Amino acid sequence: MSSRILWDYWAKFYNRLWVQKWSLGPTREMIINYIQTMPKTKAELNILDMGCGTGQLLQELGVIFHNQSMHLTGVDYSRGMLKIARQENPDINFIHSDVLDFSVTERYDLIIASHTLPYYEDQATALRRMVDQLKPGGTLLVANASANNLYDQLCLLMIKITTGSAHYPSIQEMRAMVDQFMPDVSISTVKTAWFVPTIFFLIATVPGSDQ
Ligand SMILES: C[S@@+](CC[C@H](N)C(=O)[O-])C[C@H]1O[C@@H](n2cnc3c(N)ncnc32)[C@H](O)[C@@H]1O
């Protein structure tokens, strides 16, 4: 079964999955905390959420930064996920696209890829694609589970049963992929529960002074 069909299947259960509590929810919280530290006025931020799923992160951003009218866009290749995202967030712009085909004239201050990179067919090309869509001085934030040791790999075996084909890059692999074209990269890790694999947060900023 193709991964896209699996995501279509999971869409209707997605907001209630157990990983929401232990992995996806805490990740969203950390991303929102990061956005709160961004220097640019929140109203001016143009944010894209790649592999946005049911649009939970964008929804939470809309609520938290109420009245500040950020420009929010979600992209996903699963029509099932986007159907729910659109139903629940009629004011947010959602685009149906594979990350590898995504190309628009718009440029973004922040592109987020949260728990989605492991499912991309060509991760290095996808990262480049996203960076190409950033404004000068724009930021790429990638967060996902990561296989850094045997314990992570065991935890990920369980997750892989539900997601189909996936590759969870180690922090070393991530660095190698991004270092080639992003000069300013920071990676931090977090463990949200003992049975959850390490989650990394990669934050990379492209040169420029638009921020
Ligand atoms: C685990 S969900 C993550 C959803 C959301 N970002 C979150 O943090 O809860 C992975 C999402 O990535 C999407 N996805 C996977 N491969 C993709 C691709 N090549 N292009 C666009 N979206 C993709 C799936 O459809 C799914 O909605």
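First, a word on scope: everything that follows refers to the structure included in this document. (Residues numbered from 1 in each chain as written. Predicted model: local features only at pLDDT ≥ 70, side-chain atom pairs only at ≥ 80, totals over all residues. Heavy atoms only, no water.)

1. Examining the overall build of the protein chain
Inference 1: The helix and strand tally for the protein chain stands at seven helices and seven strands.
Inference 2: Secondary structure elements in the protein chain, listed N-terminal to C-terminal, are α-α-β-α-β-α-β-β-α-β-α-α-β-β.
Inference 3: In terms of overall dimensions, the protein chain is globule-like: its C-alpha atoms have a radius of gyration of 16 Å, near the 17 Å expected for 211 residues.
Inference 4: Projected onto its principal axes, the C-alpha coordinates of the protein chain cover approximately 40 × 40 × 30 Å.
Inference 5: Here the protein chain holds 211 residues, and 54% of them are scored as buried.
Inference 6: Here the analysis covers contacts within the protein chain between residues at least 6 apart in sequence; of these, 70% occur between residues at least 24 apart.
Inference 7: Summing over all exposed atoms, the protein chain offers an accessible surface of approximately 10,200 Å²; the carbon and sulfur share of this is 54%.
Inference 8: Side-chain charges of the protein chain comprise 17 positive and 20 negative groups, with the mean position of each set lying 5 Å from the other. (Helix = DSSP H or I, 4+ residues; strand = E, 2+ residues; numbered from the N terminus. Rg over C-alpha atoms; globule rule 2.2 N^0.38 Å. Buried < 20%, exposed > 50% of the residue type's maximum accessible area, 1.4 Å probe, protein only. Contact = heavy atoms within 4.5 Å. Areas by Shrake-Rupley, 256 points an atom, 1.4 Å probe, with all protein chains shown as cover. Lys, Arg positive; Asp, Glu negative; His and termini not counted. Charge placed at Lys NZ, Arg CZ, Asp CG, Glu CD.)

2. Comments concerning the environment of Ile 84
Inference 1: Assignment of secondary structure puts Ile 84 in helix 4 (residues 79-88).
Inference 2: Once residues within four sequence positions are removed from consideration, Ile 84 is found in contact with Ala 11, Lys 12 and Thr 54.

3. A short note on helix 1 (residues 3-11)
Inference 1: Within helix 1 the residues assigned to the buried category are Ser 3, Leu 6, Trp 7, Trp 10 and Ala 11. Axial view of helix 1: buried residues confined to an arc of 145°, hence all on one face.
Inference 2: Check the buried side of helix 1 and you find it contacts helix 4 and helix 6 (150-163). (Arc of directions from axis to C-beta.)

4. So, the pairing of strand 3 (residues 93-96)
Inference 1: Alignment of strand 2 (residues 71-76) against strand 3, held across four bridges, turns out to be parallel. Directly across from Asp 76, in strand 3, lies its bridge partner His 96. (Pairing = 2+ DSSP bridges.)

5. Describing the pattern of salt bridges
Inference 1: Under the counting rule described, the total for this entry stands at two salt bridges.
Inference 2: Salt-bridge contacts for Glu 60 lead to Arg 28; the nearest nitrogen and oxygen are separated by 3.0 Å. Of this pair, Glu 60 sits in helix 3 (residues 56-64) while Arg 28 sits in helix 2 (residues 19-36), placing them 32 residues apart in sequence.
Inference 3: On the basis of relative accessible area, Glu 60 is assigned to the partly exposed category, the value being 29%.
Inference 4: A salt bridge links Lys 135 to Asp 109, with the shortest nitrogen-to-oxygen separation between them at 3.4 Å. Of this pair, Lys 135 sits in strand 5 (residues 134-145) while Asp 109 is found in strand 4 (residues 108-114), placing the two residues 26 residues apart along the sequence.
Inference 5: Under the relative-accessibility criterion, Lys 135 is labelled buried at 17%. (Salt bridge = Lys/Arg side-chain N within 4 Å of Asp/Glu carboxyl O.)

6. Examining the packing of helix 1 against helix 4
Inference 1: Orientation of helix 1 relative to helix 4, taken along the N-to-C sense of each, is 35°, at an axis distance of 6 Å. On helix 4, the residues that touch Trp 7, Asp 8 and Ala 11 of helix 1 are Arg 79, Gly 80, Met 81 and Ile 84. (Axes fitted to C-alpha atoms, helices over the stretch in contact; angles between N-to-C directions.)

7. A closer look at the site of the ligand
Inference 1: Not every one of the 18 residues close to the ligand is listed here, only the nearest: Tyr 14, Gly 51, Asp 76, Ser 114 and Thr 116.
Inference 2: Contact distances for the ligand include 2.7 Å between a nitrogen atom and a backbone N or O atom of Gly 51.
Inference 3: In the environment of the ligand, a nitrogen atom lies 3.4 Å from a nitrogen or oxygen atom belonging to the backbone of Tyr 77.
Inference 4: When the ligand is considered free in solution it has 590 Å² of accessible area, and contact with the protein chains removes 96% of it. (Near = heavy atom within 4 Å. Polar contact = N/O pair within 3.5 Å; in protein donor to acceptor, adjacent residues only side chain to side chain.)

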